[in-house]
Amino acid sequence: MRQWVLDAENILDGSWAEVPEQNEANAQNAEEKRVTNREVGIRFDAFIQEWSQKLVEGVMSQTERECLEQFLQVLNNLRSHLIQCYDVEGFPRTNNEMEGAIRKIKTSYRRISGRKNWNIYLLRHGRNVAFYEWWDANPERWNKFERLAKNVDREYWKQMKKETISAQSEQLKRFRFRHKREVFLATLEKRWAAASETVILH
């Protein structure tokens, strides 16, 4: 069963596409053989199909069947999220790479602000933090972003802004509830009392 996880990892890490760099020609082939979402998706789907077929054949023990069912369910649920990063050069592919990227963003913010805690920064900018950092990491990439931004549909931009503000509001409520609970609850009670008075007056 451990091998199932290792096989899935092997597909997702893209190591199957690597070419040994023995000479200049092989190095050029390795550069051209950059893994794509489509290639990984084909291998990943074939892997799931193969193990789904073995599940149907019923040659496993009850414990193996239960574990495989759970494993395949998780892979199917996460499939769309797992296979997104390959077409974007430099995008983190693993949890370790993602944590390293987040650590770099934290370090950058701490240098700019002089603060150790970056919760306020996250609450203000939310999921856009990593977005800004990725585009800003490379001048050519930022120029490309500016060209793309000029062609964004105004209505779509308004919709995305509304969704971002809503997400930030939820994050802010959670933060206040966890770290300033008494003040947060007192504020809610005041708002509830004001709303009740308004209803009574009408």
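1. Observations concerning the layout of surface pockets
Phase 1 of the analysis: In this structure, the largest pocket encloses a volume near 1,400 Å³.
Phase 2 of the analysis: Surrounding the largest pocket, 37 residues form its lining, Asn128, Ala130, Phe131, Tyr132 and Trp135 being those nearest its centre.
Phase 3 of the analysis: For the lining of the largest pocket, the element with the highest residue contribution is helix H7 (residues 128–136), accounting for eight residues.
Phase 4 of the analysis: Residue composition of the lining of the largest pocket, by class: 24 nonpolar, six polar and seven charged.
Phase 5 of the analysis: Empty space within the second largest pocket amounts to approximately 800 Å³.
Phase 6 of the analysis: In terms of lining residues, the second largest pocket is bounded by 21 residues, among which His81, Leu82, Arg93, Thr94 and Asn95 are the most central.

2. Topic: the side chain of Asn37
Phase 1 of the analysis: Looking at where Asn37 falls in the secondary structure, it is placed in helix H3 (residues 37–57).
Phase 2 of the analysis: Within polar-contact distance, the side chain of Asn37 engages the backbone nitrogen of Tyr86 at 2.9 Å.
Phase 3 of the analysis: The residues contacting Asn37, other than those within four sequence positions of it, are Ile83, Gln84, Cys85, Tyr86 and Asp87.

3. Thoughts on the pattern of salt bridges
Phase 1 of the analysis: Under the counting rule described, the total for this entry stands at four salt bridges.
Phase 2 of the analysis: Measuring nitrogen to oxygen at the nearest pair gives 2.9 Å for the salt bridge that ties Asp45 to Arg79. Separated by 34 residues along the polypeptide, Asp45 in helix H3 and Arg79 in helix H4 (residues 62–82) bring together distant segments of the chain.
Phase 3 of the analysis: For Arg79, a relative accessible area of 27% gives the class partly exposed.
Phase 4 of the analysis: Across the pair Glu50 and Lys54 runs a salt bridge whose closest N-O atoms are separated by 3.5 Å. One end of the pair is Glu50 and the other is Lys54, both in helix H3 and four residues apart, which spans about a single turn.

Quick notes on the rules
Residues numbered from 1 in each chain as written. Predicted model: local features only at pLDDT ≥ 70, side-chain atom pairs only at ≥ 80, totals over all residues. Heavy atoms only, no water. 1 Å grid on protein atoms, 1.4 Å probe; cavity = no way out; pocket = protein on both sides within 12 Å on 5 of 7 lines; lining within 4 Å. Points joined across faces, edges and corners; volume = space filled by probe spheres on them. Helix = DSSP H or I, 4+ residues; strand = E, 2+ residues; numbered from the N terminus. Nonpolar A, V, L, I, M, F, W, Y, C, P; charged D, E, K, R; others polar. Polar contact = N/O pair within 3.5 Å; in protein donor to acceptor, adjacent residues only side chain to side chain. Contact = heavy atoms within 4.5 Å. Salt bridge = Lys/Arg side-chain N within 4 Å of Asp/Glu carboxyl O. Buried < 20%, exposed > 50% of the residue type's maximum accessible area, 1.4 Å probe, protein only.

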